[in-house]
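Descriptive analysis of the structure
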Amino acid sequence: MLSRVADALYWMARYSERTETNAHILQVQLLNMLEQSGNEHEYLDHWEAILDICASKEEFMASYEVIRVNPLIEYLLFSENNSNALHATLRAIRENARITRDSIPIELWELHNAFYLYMQQEIMVRERPFPLISLHYFLHNVRKTSLTVTGLIEDSMERDLPFYFMQVGKWLERAEKMIRMILIMLEQQKLATSNLDEVDGTFLLDLTKATESFHRKYHQTKLKYVIQYLLHDAHFPRSVIVCLKKLEEAFIHIEKDHLTARFLALNTPLKALLAAINEVDIPSSSLEDVILLMEERLCQCIEFGHTFSTVYHLYEPSLQA
Amino acid sequence: MMKLYDSGSYFDEMLDGDQPKPHYCSFYRKLSAFSQEQLEEKHQQAQSSFLRQGITFTVYGAQGGTERTMPFDFVPIIIPHEQWHIIETGMKQRVKALNCFLQDVYTQQQIVIDGIIPRRLIEQNPYYFPEMLGVQVPIDNHIFLAGIDLIRDEHGVYRVLEDNLRNPSGISYVFQNRFVMKEIYPEFFSKHTIQSLEKQMATMKKALLAHRPPTLQAHVEPKAVLLTAGMYNSAYYDHVFLAQQLNIQLVEGRDLIVQDLKVYMKTIYGLEQIDIIYRRIDDDFLDPTVFREDSLLGVAHLMAAYKAGNIAILNAVGNGVADDKAMYAYVPDMIRYYLHEEPILENVTTYHLDDESQRAWVLDHLHELVIKNVSASGGYDMLIGPHASAEEINSFYEKILKHPQQYIAQPTIQLSRAPAYQNGKFYPCHVDLRVYVMKGDDIFVLPGGLSRVALKEGSLIVNSSQGGGAKDTWILKEELQHAKSSSRRTVLDGTI
């Protein structure tokens, strides 16, 4: 497979995952917002966290002086200045799908293309700000399309290189995003308290789509238990451990021979990351310690992404012998 | 029975007066069974099918290009078997002669020595590449895929309008038009037996792989790629379609690299050598070390690898010398010279404007002639005398005086017409037909081709960049012409 095509498949999957997660997060917050409007403090805290998870606060503050809801929604969904706005990630998905058209199922390209056209022709032309109900409808459509895409890939894609490169993109994006969400929640607490025991984790559960499954197993929603769950649960398909195991699986399929330098170059840091995640013991650590641990894991994840891109020559031409 | 219109003094593909021609009768009967609403609905479905599949081309403009679909018109061009047989034979003859010419131009230039073609026409041609002199191209074939444009005059005579021997585009539309036609207008196919397109791609692949580079070892299967300019190119869909159908990698220039005069593609496992490049970028952009330095689309040192015999490039480099509008007039002579045959398909009469007496006559008759720039395409820099303003005629008068060699003149031909259905009504539109000819060890003509239609009422320009659309093209099979429906054949509507 061409490196350029592998790169496009990898990024298409990453952007798909990012789009779906961000759309979910925005939906959660738009609902929460309805009840919160009286409680100014929490309301802004939540929006700030979301801004940091879905984009970058520094970048936003560079163009806007204060955080106000309508400009923020516009920024997260449609702004040309935000490379992670839903509009931008959806466009990136479509462009990458177009590049890889001959490696993916035709229906997959058609789905991405049709959704993008719908967005251009029906959403982008509307008057702003959107009424809440149309925002919900749009986000709902984004997520519905994502689910269809996931089903289509699972159901119809041959288990071959293109499939596994997309898997790498998906699971790496998911692991990284999960760690980032945990980290941002923790950092927000740092200002209010130094005792993790006092903090509630309901909001994080909502953002990570873990509410239902968590409640089936646990009753207490203390943040520290929630984080423990999001890192370690062996069955929750968004936990960091599950993501890393899926990555391992993908590499086993990409590299048939498990003694090659390529396989080892990837497997070694992946194993190290898995071990490091397993070792994290939230309940007996202080807030500062946990933040530090999460920062390290996030760096490891990002570093792993670079290693992956280097091993498969996904970066622009370095002359290879 | 519905009345479409009266064909009048024009040659109409479907109608004689207001009645359908014999080979259009059953189509016409089916058509009459549809209501306006049904036709309108199907029309919408067809257009959105193209959009959904992303079968679009890019129109360059102020905003860096917008995507459009090529409008599709469902009334097919139906060609009876006998007529197609003549076209097919004529096409093979023409492409064979053109290839002989290219082989000759880049070796002995015997045709110049024998005084058939003026040397000037070759040496002053911007698409003639002396770099190609003596380069041994695989199986002596310069033309892997040709797109020859045919028109019909007011008497229904087919004439060649233009040869495209560089990168003829649009072949994917032939397949997509058929696909959409079958999907949305299945009713029309019953009672017809037409030549299928199903197996054509296998033939094309065989022709492609026949171009083994001279240094490739005998038993090794060659590895082929399709070189595209990328997803913003106006013909990108064509490239994707062909790569998929031929089952070869779709690569961009930056995916390739030349080392030690061999060409490699950059894969996730490192470099992999390739043997055949079906390129869909122009000569000028192929190799920045030889042609345009600013080309970002090509591959540095590709020409060196080509000359060393390590890579086949299809179509061959330098084909433009044979397909420009000035050389066009000499193709019948090429056929006589190389094949010792009379041309089967006629050209359109062409006047050379560097000839003083021809020029004088042409300048006097600009208002009734078509003037074309010999190196332009796509309907640009062209004067259609009878439709032109005095100002336009004057401007061409000046241009011709200044650069007589740059222009040719042709009589205005009353192009044939066929019904098109747009905006809820049928009206006559001018049509032409691009026929695709593939050449490997043998020559093969794709049955049918791309029927292009000038959808703007009264317009003569069929190019998709200027508002043209496309139609499906049906070649009737022989047996239908002679036999009534046989008892063994099941036709599509379920009757036997």
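What comes next is a walk through the structure.

Criteria and thresholds
- Residues numbered from 1 in each chain as written.
- Chains lettered and ligands numbered in written order.
- Predicted model: local features only at pLDDT ≥ 70, side-chain atom pairs only at ≥ 80, totals over all residues.
- Helix = DSSP H or I, 4+ residues; strand = E, 2+ residues; numbered from the N terminus.
- Expected span 1.5 Å × (residues − 1).
- Buried ≥ 20, exposed ≤ 12 C-beta atoms within 10 Å, placed from the backbone.
- Contact = placed C-beta atoms within 7 Å.
- Pairing = 2+ DSSP bridges.
- Axes fitted to C-alpha atoms, helices over the stretch in contact; angles between N-to-C directions.
- Right-handed = clockwise from strand over helix to strand, strands pointing away.

The end-to-end C-alpha distance of helix H6 (residues 171-184) of chain B, which contains 14 residues, comes to 20 Å, matching closely the 20 Å that a straight helix rising 1.5 Å per residue would cover. Within the sequence span of H6 of chain B, burial applies to Ile171, Tyr173, Val174, Gln176, Asn177 and Val180 of chain B.

What follows concerns the environment of Lys30 of chain B. Residue and element names in this part refer to chain B. With respect to the helices, strands and loops of the structure, Lys30 is situated in helix H1 (residues 25-32). The exposure class of Lys30 is partly exposed, given the 17 C-beta atoms found within 10 Å. With 161 residues separating them along the chain, Lys30 and Lys191 place their C-alpha atoms 9.7 Å apart. Leaving out residues up to four positions away in the same chain, Lys30 has contacts with Glu187 and Phe188.

With 14 residues, helix H5 (residues 86-99) of chain A should reach 20 Å at 1.5 Å per residue; the first-to-last C-alpha distance of 20 Å fits that figure. Leu86, Thr89, Leu90, Ala92, Ile93, Arg94, Asn96, Ala97, Arg98 and Ile99 of chain A are the residues of H5 of chain A that are buried.

Here the focus is the sheet that holds strand E10 (residues 256-259) of chain B. All names here are of chain B. Across the sheet, which stays open at both edges, the three strands sit in the order E10-E11-E12 with antiparallel pairing between neighbours. Only two strands of the sheet have a single neighbouring strand rather than two, namely E10 and strand E12 (270-273). Shown here is a sheet whose adjacent strand axes are inclined to one another by a mean of 40 degrees, direction ignored.

All names here are of chain B. Both faces of strand E9 (residues 249-252) are covered, namely the face carrying Gln249 and Val251 and the face carrying Leu250 and Glu252. When strand E8 (residues 224-228) meets E9, the two strands line up parallel, connected through four bridges. Each bridged residue has a counterpart across the sheet, and for Thr228 the counterpart in E9 is Glu252. A crossover connection joins E8 to the parallel E9 through helix H8 (residues 236-246); in handedness this β-α-β unit is right-handed.

Take the sheet that holds strand E18 (residues 382-384) of chain B next. Taken in spatial order, the four strands make up an open sheet running E16-E19-E17-E18 (chain B), and their pairing is antiparallel. Among the strands making up the open sheet, the edge pair consists of strand E16 (351-352) and E18 of chain B.

Now for unusual backbone geometry. Looking along the chain, the bond that leaves Arg128 of chain A and enters Pro129 of chain A is cis, with omega of -10 degrees. Along the chain, Leu314 of chain B connects to Asn315 of chain B via a cis peptide bond; the corresponding omega equals -20 degrees. Residue position: Asn315 of chain B is located in the loop between strand E14 (312-314) and helix H11 (320-323). In this structure, His313 of chain A takes a positive phi of about 55 degrees despite not being glycine. Within the element layout of this structure, His313 of chain A appears in the segment after helix H14 (287-311). Unlike most non-glycine residues, Asp260 of chain B shows phi in positive territory, near 50 degrees. Its location among the elements puts Asp260 of chain B in the loop between E10 and strand E11 (262-267). Residue classification places Asp260 of chain B among the exposed positions, given that 9 C-beta atoms sit within 10 Å.

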